Amino acid sequence: MNAVTHLHDLSLRLLGRTFDQLDAEERRVVEAIAARAPSSRDAADIEDAQASRGDRLADRVAAVGGSWGFIIVFSLVLLGWMLLNSEVLQHFGLAFDPYPFIFLNLMLSTLAAVQAPIIMMSQNRQAAKDRLTASVDYEINLRAELEIMRLHHKIDALTEKVDALSARGDARERA
């Protein structure tokens, strides 16, 4: 029996559909069962291998920008900027951004305009990771379910053989 026929028969027996009718995940599971190979894959490793330099940078920016450490340090920098430009430097006439802190507002707007899309890129990447993880989980669950079904069929067949042998033995004892 060639490999294509074996895959076709296996998919019909396990899933009730021909191999050509299966989606990609189901095909991988049937192929793994036929090859007696493990199905498990690490979604994080797969996603990291596919990540570009920009993707990894977006993840780092999101990790830093979405942390309490960043919020605290950024708040201290803002407070220092305002104190420096309102009291200390203004006393000497050297304030480069006096109240209402127009330059500071420009810097904050620029930061928000750049940081928001970068964080969104990271969130999109995380959503893709989650979809990949769900796909891998589905494959593993499907594989486990199909393997359990195969074991049930084997146990049922063995039980039938034992019952048949037992019935033959009982018939011989009576004769």
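If you're wondering where the values come from, they're calculated on a predicted model, not measured in any experiment. (Residues numbered from 1 in each chain as written. Predicted model: local features only at pLDDT ≥ 70, side-chain atom pairs only at ≥ 80, totals over all residues. Heavy atoms only, no water.)

## Some details on the nonpolar core
Thinking step 1. In this structure, L7, L10, L14, F19, L22, V29, V30, I33, L142 and L146 together form the largest nonpolar core, which totals 10 residues.
Thinking step 2. For this core, the secondary-structure elements that each account for two or more residues are α1 (3-15), α2 (24-35) and α6 (102-174).
Thinking step 3. Excluding residues within four positions of it along the chain, L10 makes contact with L15, V30, I33 and A34. (Core = buried A, V, L, I, M, F, W, Y, C linked by side-chain atoms within 4.5 Å. Buried < 20%, exposed > 50% of the residue type's maximum accessible area, 1.4 Å probe, protein only. Helix = DSSP H or I, 4+ residues; strand = E, 2+ residues; numbered from the N terminus. Contact = heavy atoms within 4.5 Å.)

## Describing the environment of A51
Thinking step 1. Within the secondary structure layout, A51 lies in the loop between α3 (43-50) and α4 (53-65).
Thinking step 2. The class of A51 is buried, set by a relative accessible area of 10%.
Thinking step 3. Each C-alpha atom, one on A51 and one on R125, is 8.8 Å from the other, the two residues being 74 residues apart in sequence.
Thinking step 4. Setting aside chain neighbours within four positions, we find A51 in contact with R56 and R125.

## Considerations on a nonpolar patch on the surface
Thinking step 1. Residues L84, V88, F92, L94, F96, F103, L106 and M107 make up a contiguous nonpolar surface patch of roughly 810 Å² in combined accessible area.
Thinking step 2. Put simply, the parts of the chain that give the nonpolar patch at least two residues each are α5 (68-91) and α6.
Thinking step 3. Broken down by element, the nonpolar patch gets its largest block of residues, 3 residues, from α6.
Thinking step 4. Within the fold, F96 resides in the loop between α5 and α6. (Patch = residues over 30% accessible without salt bridge, like charges linked within 9 Å, V, L, I, M, F, W, Y side chains within 5 Å. Areas by Shrake-Rupley, 256 points an atom, 1.4 Å probe, with all protein chains shown as cover. Salt bridge = Lys/Arg side-chain N within 4 Å of Asp/Glu carboxyl O.)

## A short note on unusual backbone geometry
Thinking step 1. Looking along the chain, the bond that leaves Y99 and enters P100 is cis, with omega of 20 degrees.
Thinking step 2. Mapped onto the secondary structure, P100 falls in the loop between α5 and α6.
Thinking step 3. We note that R36 has phi near 55 degrees; this positive angle belongs to a residue other than glycine.
Thinking step 4. Within the secondary structure, R36 is located in the loop between α2 and α3.
Thinking step 5. At F101, a position not held by glycine, the phi torsion is positive, near 55 degrees.
Thinking step 6. Along the chain, F101 falls in the loop between α5 and α6.
Thinking step 7. Judged by its relative accessible area of 9%, F101 is buried.

## Observations concerning the packing of aromatic side chains
Thinking step 1. Evaluation of the coordinates by the stated rule reveals 4 aromatic pairs.
Thinking step 2. Consider the rings of W81 and F96, whose centres lie 5.2 Å apart with planes at 85 degrees: the pair is edge-to-face. A residue pair is termed long-range when its members are at least 10 positions apart, and W81 in helix α5 and F96 in the loop between α5 and α6 qualify at 15 residues.
Thinking step 3. Ring geometry for Y99 and F101: centres 5.7 Å apart, planes at 90 degrees, overall edge-to-face.
Thinking step 4. The structure contains a cluster of three or more aromatic residues connected by ring pairs, namely W81, F96 and F103.
Thinking step 5. Sitting above the plane of the F19 ring, R27 keeps its charged end 5.5 Å from the centroid. (Phe/Tyr/Trp six-rings, centres within 6.5 Å; stacked < 30°, edge-to-face > 60°. Lys NZ or Arg CZ within 6 Å of the ring centre and 35° of its normal.)

## Considerations on the packing of α5 against α6
Thinking step 1. Packing of α5 against α6 leaves a shortest axis separation of 11 Å and a crossing angle of 160 degrees. Classified by the interaxial angle, the pair formed by α5 and α6 is roughly antiparallel. When the axes of α5 and α6 are compared, the crossing they make is right-handed. Note on element contacts: α6 touches α5 through F103, L104, L108, L111 and Q115, opposite F70, F74, L78, W81 and M82.
Thinking step 2. Among the residues making up the contact of α5 with α6, the classes are represented as 9 nonpolar, 1 polar and no charged. (Axes fitted to C-alpha atoms, helices over the stretch in contact; angles between N-to-C directions. Parallel < 35°, antiparallel > 145°, perpendicular 65-115°, else oblique. Left-handed = near helix turned anticlockwise from the far one by under 90°. Nonpolar A, V, L, I, M, F, W, Y, C, P; charged D, E, K, R; others polar.)

## A few points about α6
Thinking step 1. Taking 1.5 Å of rise per residue, the 73 residues of α6 would be expected to cover 108 Å, and the 106 Å separating its terminal C-alpha atoms lies within 8% of that figure.
Thinking step 2. Every buried residue of α6 is listed here: L104, Q115, S122, R125, L132, S135, V136, E139, L142, R143, L146 and R150.
Thinking step 3. On its buried side, α6 packs onto α1, α2, α3, α4 and α5. (Expected span 1.5 Å × (residues − 1).)

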